[in-house]
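Descriptive analysis of the structure
Take a look at the letters that make up each chain.
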Amino acid sequence: MTAGAFPFEANPNPVDDARRAELLADPGFGRVFTDHMVTIRYSDDKGWHDAKVGPRAPLTLDPATAVLHYAQEIFEGLKAYRLADGTMALFRPEQNARRFQRSAKRLAMPELPEELFLQSCRQLVEVDQHWFPPVEGGSIYLRPFMIASEVFLGVKPSAEYLYMVIASAAGNYFKSGAPAIKIWVSEHYTRAAPGGTGAAKCGGNYASSLVAQSEAIRNGCDQVVFLDAAEHRWIEELGGMNLFFLFDDGTLITPPTDGTILEGITRESIIELAREQGLNVREERYAIDQWRADATSGKLVEAFACGTAAVVTPVGSVHSTNGSFTIGAGGPGQITQQLRGKLVNIQRGIAPDPHGWVQPIG
Ligand SMILES: *Cc1c(COP(=O)(O)O)cnc(C)c1O
């Protein structure tokens, strides 16, 4: 199939204006959904077919649907912004489309053509554009995903798939920059191993990270940091965000994406912006013991996590069964704030976009 506009069926019972205004006053994240959704089906014999934008509604699934048993599922997350001039835009959506294809390949799923992915995101935002929260920095968070929909309990790649996009209103929860978070070092649990699915954006990675995240919360922390599976020594990433480390000589280190780390689009954008402002960015392994030593000696001055949802989040302190250490003064670092500001201003059309990252909709 080609990627012209998909057939559209309007929701006969959309949320009314008064209720929507109430919901959009404080949408938080991931709870307030728009009126429509995109669906595209795939089967081995028909290929991609039956794309449409229709009313958002519950799914009816046979209890033997493959995804419910073997977790053959992948997803994406990206935001649509209302720019300073009133137009709408997506941030580097082609990168999400390509990563969705890489995730599909790893999970033995069919690759959705990039044009269909882009059209599905653009069209849903256009249809539901009255769902932008009327606050500075508000956005519509898009969640494209794909599930194995064949009804069969045999273990094999499904012969049928359902691709969908849903959208939710997202507030600007950190107006002037996120507060620094406390992170917990997971010593028992790992997120990904060489040859595994760490580089794919699949629900299964999250399922296996939840017990470690609970441990972090129990220990008074906000997020868990995972170490490598082989030596339990090399820092990989948080459950859903990539990490950066800034040193007093202007070096910025981030762990390399060699199979066990998710290739974050925010991560890649930060690497470019940091290089442009003269930082010496290196993608190389960094050990947890070295982090402790460098933070204690003052050689390491800032650390931050990044991802689409919260953009850039400073790391204030690190905790483990071996004790704790603080990063810098424990609050948001100066370069961290600068990089965050640069990225956010490009995303919202406040600063020029020399890289062509911002893709207008409509
Ligand atoms: C999505 C995700 C990220 C961040 O990726 P972005 O493209 O920057 O949103 C980082 N780590 C994991 C495990 C993820 O799932």
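Residues numbered from 1 in each chain as written. Predicted model: local features only at pLDDT ≥ 70, side-chain atom pairs only at ≥ 80, totals over all residues. Heavy atoms only, no water.

1. Focus on the nonpolar core
This is how the line gets drawn: Throughout this description, the term nonpolar core refers to a set of buried Ala, Val, Leu, Ile, Met, Phe, Trp, Tyr and Cys residues connected via side-chain atoms within 4.5 Å. The classification of residues rests on relative accessible area computed with a 1.4 Å probe and restricted to protein chains. Under 20% of the type maximum is buried, over 50% is exposed, and intermediate values are partly exposed. By definition, any uninterrupted DSSP run of H or I lasting at least four residues is a helix, any uninterrupted run of E lasting at least two residues is a strand, and each is numbered from the N terminus.
Counting 50 residues, the largest nonpolar core has Ile40, Phe117 and Leu142 as the members making the most contacts within it. Counting residues per element, this core draws most heavily on strand β7 (residues 160–170), which supplies eight residues. Core analysis: the next-biggest nonpolar cluster, separate from the first, contains 24 residues, Phe244, Leu246, Ile335 and Leu343 among them.

2. Some thoughts on the packing of aromatic side chains
Condition: Only the six-membered ring of Trp is used, alongside the rings of Phe and Tyr, when aromatic pairs are assigned; centres must lie within 6.5 Å, and planes under 30 degrees apart are stacked while those over 60 apart are edge-to-face, with the rest tilted. Sitting over a ring, as applied to charges here, requires NZ of Lys or CZ of Arg to be within 6 Å of the ring centre and within 35 degrees of the ring normal.
Enumeration over the complete set of coordinates arrives at 13 aromatic pairs. A centroid spacing of 6.1 Å and a plane angle of 55° characterise the contact between tyrosine 42 and tyrosine 161, whose relative ring orientation is tilted. Of this pair, tyrosine 42 sits in strand β1 (residues 36–43) while tyrosine 161 is found in strand β7, placing the two residues 119 residues apart along the sequence. In this structure, tyrosine 42 and tyrosine 161 share a single accessibility class: buried. Chaining the aromatic ring pairs together yields one cluster made of Phe245, Phe247, Tyr286, Trp291 and Phe325. Across from the ring centre of phenylalanine 33, 4.3 Å away, lies the NZ or CZ of arginine 56, which sits over that ring. The residue whose ring lies beneath arginine 285 is tryptophan 234, and the NZ or CZ to ring-centre distance is 4.1 Å.

3. A short note on the layout of surface pockets
Using the following cut-off: Two kinds of site are reported from a 1 Å grid over the protein atoms alone, namely cavities, where a 1.4 Å probe fits but cannot get out, and pockets, open sets with protein on both sides within 12 Å along at least five of seven lines, and residues are called lining when an atom falls within 4 Å of a point. Grid points are joined across faces, edges and corners, and a volume is the space filled by probe spheres set on the points. Just so you know the grouping, Ala, Val, Leu, Ile, Met, Phe, Trp, Tyr, Cys and Pro go in nonpolar, Asp, Glu, Lys and Arg go in charged, and all remaining residues, Gly too, go in polar. Source of the domain bounds: an automatic or database domain assignment.
Each pocket or cavity is described by its volume, and for the largest pocket that value is around 810 Å³. The wall of the largest pocket is formed by 34 residues, among which Tyr206, Gly239, Gly240, Met241 and Ala309 lie closest to the centre. For the lining of the largest pocket, the elements supplying multiple residues, two or more each, are β6 (139–148), α5 (203–218), β9 (223–227), α6 (265–276) and β14 (300–307). Tallying contributions element by element places α5 first for the lining of the largest pocket, with four residues. Looking at side-chain class alone, the lining of the largest pocket contains 16 nonpolar, 12 polar and six charged residues. Here the lining of the largest pocket gathers at least three residues from each of two domains, domain 1 (17–170) and domain 2 (181–347). As for the second largest pocket, its lining consists of 19 residues, of which Met37, Thr39, Arg41, Leu59 and Leu162 are closest to the centre. For the lining of the second largest pocket, the elements supplying multiple residues, two or more each, are β1, β2 (47–55) and β7. Looking at which element gives the most residues to the lining of the second largest pocket, the answer is β2, with five residues. The residue inventory of the lining of the second largest pocket, partitioned by class, reads nine nonpolar, four polar and six charged.

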